[in-house]
Amino acid sequence: MWWDERVSARFRRNLQPTLTYWSVFFSFGLCIAFLGPTLLDLRCQTQSSLSQITWVFFSQQFCLLLGSCLGGVFKRTLAQSLFALFASSLAISLVFAIIPLCHNVVVLAVVMAVAGLAMGCIDTISNMQLVKIYQKDSAVFLQALHFFVGFGALLSPLIADPFLSDTNCILSNSTANTSSNLPHIRKSLVPHHPGNLSHYDLPMKGMVVTRVSYAFWIMALINLPVPIAVFFLLYKERMVPCFNSSSHPLLSADELAMETRPTEKDDLSTAAQRAQAAGGHDDLFSCCQSKNFRGASYTYFAVHITGALVLFMTDGIVGEYSGFVYSYAVEEPLSVVHKVAGYLPSLFWAFITLGRLISIPVSYRMKPATMVFINVVGVLITFLLLLIFSYSVVFLFVGTASLGLFLSSTFPSMLAYTEDILQYRGCATTVLVTGAGIGEMVLQLLVGSIIHDRGSYSFLVCGMIFGGLAFTFYAFLLFFHRMYPKPSADLDDASPDKPAITDDTGQYQR
């Protein structure tokens, strides 16, 4: 195997929970990319205007951010985390099943808000639990976790595509005048941002003819094994009240005896320290309590802030690029054919998924700090070349693929790097997930308004500026890392700068 025996043994001991967290992130990915291509059919289903239906995007993104902030509330015990993941993954299947029944845009927005809350909880809890299990070895497992997001994001549009309407899905007297606009509008509705579509006049009343319901029911069935997998983990961990007596621990009896065998140094005080160390990750509100700041150095806050700002920029670039690259391509000076330009968002997500797959073995051999450096420099250089060759359609496709590769592993690498700096005792996971979510939502709105006022070329200029800011914030993070106090036995137990006493056995802790 391409990793050493220690990591391999830890992975085997935690095989079921690790696979479960990966599968739950697949549910997260399914929900990311389906709204864009299906939004026009959903507009027909709800018989709403385009300005009304685009609020569905906002409800999902806002509640995703809210769910990311609140997700840490459910990590206080393993049981709370698993029940939250079970409820969230089951909610996503129910959302897919209910969407075809939503014939009012307000009801649809509420349903998508529920999906956003579930996605936010999944995002925070899965990252936290993998970091808690693997700690200094978590980088490779976080890369695999985020690969499943990309895989789900690729799969849901492919499932939806055969069921999308080729012509206007509301039949009325004006159908003949509007059906020719539909392919262009649909391609503009990419997964992250609907763009400015108010100038398209589509009929709101008439007979609805759409088959998109089948796509959502297929996705509901595909996602159904995920909550089942979480339930089996609850069962094996003896956390299902009706089945406590018949279940077994995750480790066999011999392994459990070896893991829990007391040594001269492993007394009750050490166990208490380990229990305290396990509580290093809290929800956003707990992280902001003054007791957590007692004795903390300024570099403790600086590491959190600069790490979150890097992801604010890079995740914001993912959102704004996937949301506006099509609009940029079809406008002058490139004037790409609409059907060809429609491949650009798919190409971007495909290379994000490929990059995350490649990063799984690479992250084991390369330090997270090095990977983040390569990522931010690669993003900056790619945008620079896109600006230089802004009249080349070929390089737009090459640059889109390159940007997807460099952005693919930024989040898991930054998470592993920042948690390692803080010795797994800060609130890095919660702060970074929240910062990334805010960046993805805010930068989309910002770039959309700038493009509307300054033209499509500003799309690349904004990306260049965001890439430069990401590199600058990363340079500050490296500086604060050098200034951050090294692990020392003299640090006070209550200080956030105290290093965690990690459990090298990698046993799945309750």
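Given the structure is predicted, the values throughout are model-derived calculations rather than measurements.

1. As for the overall build of the protein chain
- The secondary structure content of the protein chain amounts to 23 helices and two strands.
- A total of 510 residues make up the protein chain; the buried ones form 57% of that total.
- Excluding contacts between residues fewer than 6 apart, the proportion of contacts in the protein chain whose partners are at least 24 apart in sequence is 83%.
- In the form shown here, the protein chain has an accessible surface area of approximately 21,400 Å², with 67% of it arising from carbon and sulfur atoms.

2. Let's talk about the environment of Pro17
- In this structure, Pro17 sits in helix 2 (residues 15-33).
- Relative accessible area serves as the criterion here: at 1%, Pro17 is assigned to the buried category.
- Between the C-alpha atom of Pro17 and that of Ser126, which follows or precedes it by 109 residues, the distance is 9.9 Å.

3. Some remarks on the packing of helix 5 (residues 55-70) against helix 7 (residues 105-134)
- Taken N-terminus to C-terminus, the directions of helix 5 and helix 7 make an angle of 30°; their axes are 6 Å apart at the nearest point. As the angle between them shows, helix 5 and helix 7 are arranged roughly parallel. Crossing angle aside, the handedness with which helix 5 passes helix 7 is right-handed. For the pair helix 5 and helix 7, the contacting residues are Val56, Ser59, Gln60, Cys63, Leu64, Leu66, Gly67 and Ser68 in the first and Val105, Leu108, Ala109, Met112, Ala113, Gly116, Leu117, Met119, Gly120, Cys121, Asp123 and Thr124 in the second.
- Among the residues making up the contact of helix 5 with helix 7, the classes are represented as 12 nonpolar, seven polar and one charged.

4. Re the side chain of Thr418
- Considering the arrangement of structural elements, one finds Thr418 in helix 21 (residues 410-421).
- Taking relative accessible area as the criterion, Thr418 reaches 0% and is therefore assigned buried.

5. Re the environment of Ala229
- By secondary structure assignment, the location of Ala229 is in helix 12 (residues 225-236).
- Linking Ala229 and Tyr21, residues 208 residues apart in sequence, is a C-alpha distance of 9.4 Å.
- Once you skip the residues sitting within four places of it in the chain, Ala229 turns out to touch Thr20 and Ser23.

6. Examining a nonpolar patch on the surface
- The grouping of Leu94, Ile98, Leu101, Tyr214, Trp217, Ile218 and Ile222 at the surface amounts to a nonpolar patch, some 650 Å² of accessible area in total.
- Counting only elements with at least two residues in the nonpolar patch, the list comes to helix 6 (78-98) and helix 11 (212-223).
- Take the nonpolar patch: its biggest share by element is four residues, from helix 11.

7. Structural notes on the packing of aromatic side chains
- Within the structure shown, the criterion is met by 21 aromatic pairs.
- For the ring pair Tyr134 and Phe141, a centre distance of 3.7 Å and an interplane angle of 10° mean the geometry is stacked. Across this residue pair, the class does not change: Tyr134 and Phe141 are buried.
- Each ring, one from Phe147 and one from Phe148, has its centre 5.4 Å from the other, and the planes form 75°; the classification is edge-to-face.
- According to the relative accessible area criterion, Phe148 is partly exposed, its value standing at 23%.
- Here the aromatic cluster, defined as three or more aromatic residues joined through ring pairs, consists of Phe11, Trp22, Phe26, Tyr134, Phe141, Phe147, Phe148 and Phe151.

Cut-offs and rules
- The residue numbering used here restarts from 1 in each chain and proceeds along that chain's sequence as written.
- Only residues with pLDDT of 70 or above have their local features reported here, since the model is predicted, and side-chain atom pairs are shown and tallied only from 80 upward, although totals for entire chains, interfaces and linings are computed over all residues.
- Excluding hydrogens and water, the side-chain values take into account all heavy atoms of the structure.
- Helix and strand definitions here come from DSSP, where helices need a minimum of 4 consecutive H or I residues and strands a minimum of 2 consecutive E residues; each element is numbered from the N-terminal end.
- Relative accessibility thresholds used throughout: buried, under 20% of the residue-type maximum; exposed, over 50%; partly exposed, between the two (1.4 Å probe, protein chains only).
- Throughout, a residue-residue contact means that at least one pair of heavy atoms, one from each residue, lies within 4.5 Å.
- Values of accessible area rely on a 1.4 Å probe in the Shrake-Rupley scheme; residue burial ignores everything except the protein chains shown.
- Throughout, an axis means a line fitted to C-alpha atoms (over the contacting stretch in the case of helices), and angles, computed between N-to-C directions, take values from 0 to 180 degrees.
- Our angle categories are set so that under 35 degrees counts as roughly parallel, over 145 as roughly antiparallel, 65 to 115 as roughly perpendicular, and the remainder as oblique.
- Here a crossing is called left-handed whenever its near helix is offset anticlockwise from the far helix by less than a right angle, and right-handed whenever the offset is clockwise.
- Only Asp, Glu, Lys and Arg are considered charged in this grouping, and only Ala, Val, Leu, Ile, Met, Phe, Trp, Tyr, Cys and Pro are considered nonpolar; every other residue, Gly among them, is considered polar.
- Patch definition: residues above 30% relative accessible area lacking any salt bridge, with like charges linked at up to 9 Å and the nonpolar side chains Val, Leu, Ile, Met, Phe, Trp and Tyr linked at up to 5 Å.
- The working definition used for a salt bridge is a side-chain nitrogen of Lys or Arg within 4 Å of a carboxyl oxygen of Asp or Glu.
- Any pair of Phe, Tyr and Trp rings, taking the six-membered ring for Trp, is counted once the centres come within 6.5 Å. Such a pair is stacked with planes under 30 degrees apart, edge-to-face with planes over 60 apart, and tilted for the rest.

Geometric values such as these leave the question of function open.
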